[in-house]
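Here are the chains, one letter per residue:
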Amino acid sequence: ACLFHDIGKSGPFGAKRDQRLMIEQIFNPVYFNVDSPDFQNASEFKGKSRKEQRSLMKDLAINQILEIEKFHNNKQISEYLQTLTLHVYDEKTNEIKEEPLDLNKHSMIQLWREHDYWTYELLNHYKNGKISRDLIIIASSHHTLEGHDPALVDGKVPGEAIALETLDKYLIITLVDKYQAFIDREKVDHFKAIGILRDMALDSKTKKIINHQDRVYNLFLKYIDIFDKHPEIADIISK
């Protein structure tokens, strides 16, 4: 599951080679760097702290970010993205709604989070009897803290969608994915990353994304405590 969980960053099932290359650009961490001259000179980012800029990069509309990044193939990327759909989590109804991708409405973070649905599609299609259902669920459901669970068919996001026998593996890969992103992309230190993970788990519990009589939440805390004791992990990731 660790090997496969981000395979969706290559694009959705059915994407052609040139389309996958465009999706790769969007997920390439070399780009969308708030310290680059393009972003520092953009009016939206001037006068803001690095933390505010990173948050803004996620929340701005896709079209706005592409205009700042100025890819040589922006037109082709925009045309392709408009053929896709996005799964958007509604906090009020605790439901996922699929809707046509709108460059002016949807944010970069909504686009980036679509990759777990693409992971599910790809693994489910190419499993060939060699990839188990449990592996597919674990690999594709690592953004459930934000209310996304591609393995569900009815759009609901229950507190415990994962089978109990796979729950520990699912929680670990969720935390590993988040922790690595904070260290590698957000450039925060180990203890700051741990604090963010605790806040995310509590926020998801409060919103009843993860629930089930605190079982899932308490397991999250258990594994976060283990991470907390090993700050050397941050050094390993940074290298």
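Residues numbered from 1 in each chain as written. Predicted model: local features only at pLDDT ≥ 70, side-chain atom pairs only at ≥ 80, totals over all residues. Heavy atoms only, no water.

K.L.:
Just checking my understanding: could you explain helix H7 (residues 115–125) for this structure?
P.N.:
Helical geometry note: an α-helix holds 3.6 residues per turn, so side chains three or four residues apart project in the same direction. The buried count for H7 comes to 8 of 11 residues, which makes it a mostly enclosed element. Burial in H7 covers these residues: His-115, Asp-116, Tyr-117, Trp-118, Thr-119, Tyr-120, Leu-122 and Leu-123. On the buried face of H7, the contacting elements are helix H1 (17–27), strand S1 (85–90), strand S2 (95–100), helix H6 (108–112) and helix H8 (133–140). (Buried < 20%, exposed > 50% of the residue type's maximum accessible area, 1.4 Å probe, protein only. Helix = DSSP H or I, 4+ residues; strand = E, 2+ residues; numbered from the N terminus. Contact = heavy atoms within 4.5 Å.)

K.L.:
Explanation requested: the packing of aromatic side chains in the structure shown.
P.N.:
One pair of aromatic rings is described through two measures. These are the centre distance and the angle between the planes. Here the structure, examined in full by the defined rule, presents 7 aromatic pairs. Ring centres of Phe-27 and Trp-118 lie 6.4 Å apart, and the angle between their planes is 80°; on these two criteria the pair is classed as edge-to-face. You can see Phe-27 sitting in helix H1 and its partner Trp-118 sitting in helix H7, a full 91 residues away along the chain. The structure contains a cluster of three or more aromatic residues connected by ring pairs, namely Tyr-31, Phe-32, Phe-71 and Trp-112. (Phe/Tyr/Trp six-rings, centres within 6.5 Å; stacked < 30°, edge-to-face > 60°.)

K.L.:
How should the pairing of S1 be read in this particular structure?
P.N.:
The side chains of a regular strand alternate between the sheet's two faces. Where S1 meets S2, 6 bridges bridge the pair, whose relative direction is antiparallel. Considered in S2, the bridge of Thr-85 is made with Pro-100. What sits between the antiparallel neighbours S1 and S2 is a turn of 4 residues, in which Asn-94 has the positive phi angle 60°. (Pairing = 2+ DSSP bridges.)

K.L.:
What exactly am I supposed to notice about the packing of helix H10 (residues 190–206) against helix H11 (residues 215–228) here?
P.N.:
The packing of two helices is summarised by the inter-axis angle and the distance between the axes. Contact pair H10 / H11: the axes reach a minimum separation of 10 Å and the direction vectors enclose 180°. One finds that H10 runs roughly antiparallel with respect to H11. Between H10, through His-190, Phe-191, Ile-194, Leu-197, Arg-198, Ala-201, Leu-202 and Lys-205, and H11, the contact on the second element is made entirely by Tyr-217, Phe-220, Leu-221, Ile-224, Asp-225, Phe-227 and Asp-228. Of the residues in the contact of H10 with H11, the class split is 10 nonpolar, 1 polar and 4 charged. (Axes fitted to C-alpha atoms, helices over the stretch in contact; angles between N-to-C directions. Parallel < 35°, antiparallel > 145°, perpendicular 65-115°, else oblique. Nonpolar A, V, L, I, M, F, W, Y, C, P; charged D, E, K, R; others polar.)

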